[in-house]
Amino acid sequence: MATFYRFGPYGLDAAAKILFRGAEPTALGQRAVMLLQLLLERAGTPVSKDALIEAAWPGLAIEDSNLTVQIASLRRVLKDAADGATWIETLPRRGYRYVGPAVETCDPSVAAAPIAPSAGTLPDKPSVAVLPFENMSGDPEQSLFADGLTADIITALSLWRSFPVIARNSTFVYKG
């Protein structure tokens, strides 16, 4: 069963592989999300480089530098929170450990609005909502492609700080 992880101002939707800061999705690659998920699952305990590599690159032979790049990417995203850049501790020649705020797990259906700001307040500027695409192919397996396309567009738009983008969890209420 998929899980939603809450820690500090962040939420990680493990099923959708999206990291949220408040209600807004952040720009973070899939491999970095997989690494973060494993670190959160084992919060406070060391996670070996081999375990991390297997989680993000299952069955592939890669260099340690790939792992280092993805961990740096995670730290860049987390640095927006107070002391966020120090939440992932490097254990020389051993691996990494998550040492940030306590991690709370819940079912994604319960976490419909991840760490949302107070409801009822309107933003100062217009925002963008990407509604779920409809699967018009007739093939039920293609609905995952449509959902993934919607999530990718939301994530890409969230890179621009000039306008807020409504979170995937909020717009997928209108699916169908």
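Structure first, text after, so check above.
Residues numbered from 1 in each chain as written. Predicted model: local features only at pLDDT ≥ 70, side-chain atom pairs only at ≥ 80, totals over all residues. Heavy atoms only, no water.

Trainee: What is the right way to read the sheet that holds strand S6 (residues 88–91) from this model?
Mentor: As a general point, the strands of a sheet are linked pairwise by backbone hydrogen bonds and lie either parallel or antiparallel. An order of S5-S7-S6 is seen for the 3 strands of this open sheet, with the pairing classed as antiparallel. Whereas interior strands pair on both sides, the edge strands pair on one side only; in this sheet they are strand S5 (47–48) and S6. Seen against the sheet, helix H3 (residues 64–78) touches S6 and strand S7 (95–98) and runs at an angle of roughly 150° to S6. (Pairing = 2+ DSSP bridges. Helix = DSSP H or I, 4+ residues; strand = E, 2+ residues; numbered from the N terminus. Contact = heavy atoms within 4.5 Å. Axes fitted to C-alpha atoms, helices over the stretch in contact; angles between N-to-C directions.)

Trainee: Can you walk me through a nonpolar patch on the surface in this structure?
Mentor: A cluster of nonpolar side chains, namely Leu131, Val173 and Tyr174, defines an oily patch on the protein surface of about 370 Å² accessible area. Secondary-structure assignment places leucine 131 in the loop between strand S8 (104–106) and helix H4 (143–157). (Patch = residues over 30% accessible without salt bridge, like charges linked within 9 Å, V, L, I, M, F, W, Y side chains within 5 Å. Areas by Shrake-Rupley, 256 points an atom, 1.4 Å probe, with all protein chains shown as cover. Salt bridge = Lys/Arg side-chain N within 4 Å of Asp/Glu carboxyl O.)

Trainee: Please explain the pattern of salt bridges as it appears in this structure.
Mentor: Pairing between side chains of opposite charge can happen when their charged atoms approach one another. Applying the stated criterion to the full structure yields 1 salt bridge. Ionic pairing is found between glutamate 89 and arginine 97, a salt bridge with its closest N-O pair at 2.5 Å.

Trainee: I'm lost on the packing of aromatic side chains in this one. Help?
Mentor: Working definition: an aromatic ring pair is given by the centre-to-centre distance plus the angle between the planes. For the structure on display, the rule yields 5 aromatic pairs. Ring centres 5.7 Å apart and planes at 25° place the aromatic pair phenylalanine 7 and tyrosine 10 in the stacked group. Grouping residues by exposure puts phenylalanine 7 and tyrosine 10 together as buried. Pairwise contacts between aromatic rings join Phe7, Tyr10, Trp87 and Tyr98 into one cluster. (Phe/Tyr/Trp six-rings, centres within 6.5 Å; stacked < 30°, edge-to-face > 60°. Buried < 20%, exposed > 50% of the residue type's maximum accessible area, 1.4 Å probe, protein only.)

Trainee: Quick question: what am I supposed to make of the pairing of strand S1 (residues 4–7) here?
Mentor: In summary, the side chains of a regular strand alternate between the two faces of the sheet. Along S1, one buried face is formed by Phe4 and Arg6 and the opposite face, lined by Tyr5 and Phe7, is buried too. Sheet topology note: the S1/strand S2 (residues 10–13) ladder contains 4 bridges and is antiparallel. What sits directly across from phenylalanine 4, in S2, is aspartate 13. In sequence, S1 turns back onto S2 through a hairpin of 2 residues, with glycine 8 there showing a positive phi of about 55°. Where S1 lies against S8, 3 bridges are found, and the strand directions are antiparallel. Pairing of tyrosine 5 across the sheet is with threonine 105, part of S8.

Trainee: I tried to follow the packing of helix H1 (residues 30–41) against helix H2 (residues 49–56) on my own but got confused; where do I start?
Mentor: In helix packing, the relevant descriptors are the interaxial angle and the interaxial distance, both defined with respect to the helix axes. Between H1 and H2, whose axes approach to 8 Å, the crossing angle comes to 130°. Considering the angle they form, H1 stands oblique to H2. Crossing angle aside, the handedness with which H1 passes H2 is right-handed. Contacts between H1 and H2 involve Arg31, Met34, Leu35, Leu38 and Leu39 from the former and Ala51, Leu52, Ala55 and Ala56 from the latter. Along the lines of polarity and charge, the residues of the contact of H1 with H2 split into 8 nonpolar, no polar and 1 charged. (Parallel < 35°, antiparallel > 145°, perpendicular 65-115°, else oblique. Left-handed = near helix turned anticlockwise from the far one by under 90°. Nonpolar A, V, L, I, M, F, W, Y, C, P; charged D, E, K, R; others polar.)

Trainee: Could you clarify how one ought to interpret the environment of glutamate 24 in this entry?
Mentor: Structurally, the position occupied by glutamate 24 is in strand S4 (residues 24–25). Among the residues examined, glutamate 24 registers a relative accessible area of 29% and is labelled partly exposed. For the pair formed by glutamate 24 and serine 170, sequence separation is 146 residues and the distance between their alpha carbons is 10.0 Å. When near neighbours in sequence (up to four residues on either side) are disregarded, glutamate 24 contacts Leu19, Pro164, Val165 and Ile166. Polar side-chain contacts of glutamate 24 include one of 3.2 Å to the backbone nitrogen of valine 165. (Polar contact = N/O pair within 3.5 Å; in protein donor to acceptor, adjacent residues only side chain to side chain.)

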